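# Per-entry structural report
The lines below spell out each chain.
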Amino acid sequence: AQRVTQPEKLLSVFKGAPVELKCNYSYSGSPELFWYVQYSRQRLQLLLRHISRESIKGFTADLNKGETSFHLKKPFAQEEDSAMYYCALRGRDSNYQLIWGAGTKLIIKP
Amino acid sequence: DTGVSQDPRHKITKRGQNVTFRCDPISEHNRLYWYRQTLGQGPEFLTYFQNEAQLEKSRLLSDRFSAERPKGSFSTLEIQRTEQGDSAMYLCASSSQKTGVNEQFFGPGTRLTVL
């Protein structure tokens, strides 16, 4: 079964501390993984995709096929990073539907 | 605003009533998706259109739910005989096949409350 698991509902760290938001997936094939972010009172928006291997707003995520993980990391958290973060998967044989994790609320304390 | 728009933003209805939501995608986007999101959960896929064709429909979508995209532009999602369990945020997203990026752009959502 296709599934995305975000084990932490809430993560609270101090400003300047490293952040790691965990995402594990279950998929029998080669998926495409995404991180979406939702800031307070804003709509969901794409943060980054594993295919592009880019760093956005200081965040990076590496697809680890052995561990079936796609953790989101940032070395130094900033207060503006506070938001809901969702990990999502798209199977390459699907019609582009996304399967989502339940989300992690990240709070950056001053 | 050239982003995805949804109407209404909030809807309160009584159990058993029918409701219809509208989604206007980004104009050049040919793909359109509907998702449902309940409290504490991520979005849950409901259905997908490529142009006017409904190509995929979740098994979670009961026969009380129907979606259309008659001219390949805006889409409507209708829920008949609403139940309290239908209370949720209904999200619409669109993407472009041309870019090959498959980034889905989301609307602000319609929050449905069934009393």
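Heads up: these notes are all about the structure in this document. (Residues numbered from 1 in each chain as written. Chains lettered and ligands numbered in written order. Predicted model: local features only at pLDDT ≥ 70, side-chain atom pairs only at ≥ 80, totals over all residues. Heavy atoms only, no water.)

## Quick look at the nonpolar core
- Counting 26 residues, the largest nonpolar core has A:W35, A:L72 and A:Y85 as its most contacted members.
- Sorting the residues of this core by element identifies β2 (10-14), β3 (19-21), β5 (32-38), β6 (45-49), β9 (83-90) and β11 (104-109) of chain A as the ones contributing at least two each.
- Residues B:V19, B:C23, B:L32 and B:L112 belong to the second largest nonpolar core, which totals 19 residues. (Core = buried A, V, L, I, M, F, W, Y, C linked by side-chain atoms within 4.5 Å. Buried < 20%, exposed > 50% of the residue type's maximum accessible area, 1.4 Å probe, protein only. Helix = DSSP H or I, 4+ residues; strand = E, 2+ residues; numbered from the N terminus.)

## A word on the pairing of β2(A)
Residue and element names in this part refer to chain A.
- Residues L11 and V13 line the buried face of β2, whereas the alternating positions L10, S12 and F14 sit on a face that is not buried.
- In this structure, β2 lies alongside β11, joined through five bridges in parallel fashion. Pairing of F14 across the sheet is with K109, part of β11. (Pairing = 2+ DSSP bridges.)

## Side note on the sheet that holds strand β1 (residues 5-7) of chain B
Residue and element names in this part refer to chain B.
- Within the open sheet, the four strands sit side by side as β1-β3-β8-β7. Their pairing is antiparallel. The two strands at the open ends of the sheet, each matched to only one other strand, are β1 and β7 (65-68). Taken pair by pair, the neighbouring strands of this sheet meet at an average axis angle of 15 degrees, ignoring direction.
- Two strands pair when backbone bridges link them, and β1 and strand β3 (residues 19-24) are joined in this way by three bridges, in the antiparallel orientation. Each residue of the ladder has a partner; that of D7, found in β3, is R22. (Axes fitted to C-alpha atoms, helices over the stretch in contact; angles between N-to-C directions.)

## A look at the sheet that holds strand β8 (residues 72-74) of chain A
Residues and elements named next belong to chain A.
- Sheet architecture is open: three strands sit in the order β3-β8-β7, paired in antiparallel fashion. With one partner strand each, in any of the chains shown, β3 and β7 (60-61) form the two edges of the open sheet.
- Here β3 runs beside β8; their pairing, made up of three bridges, is antiparallel. Note on β8: the bridge partner recorded for V19 is K74.

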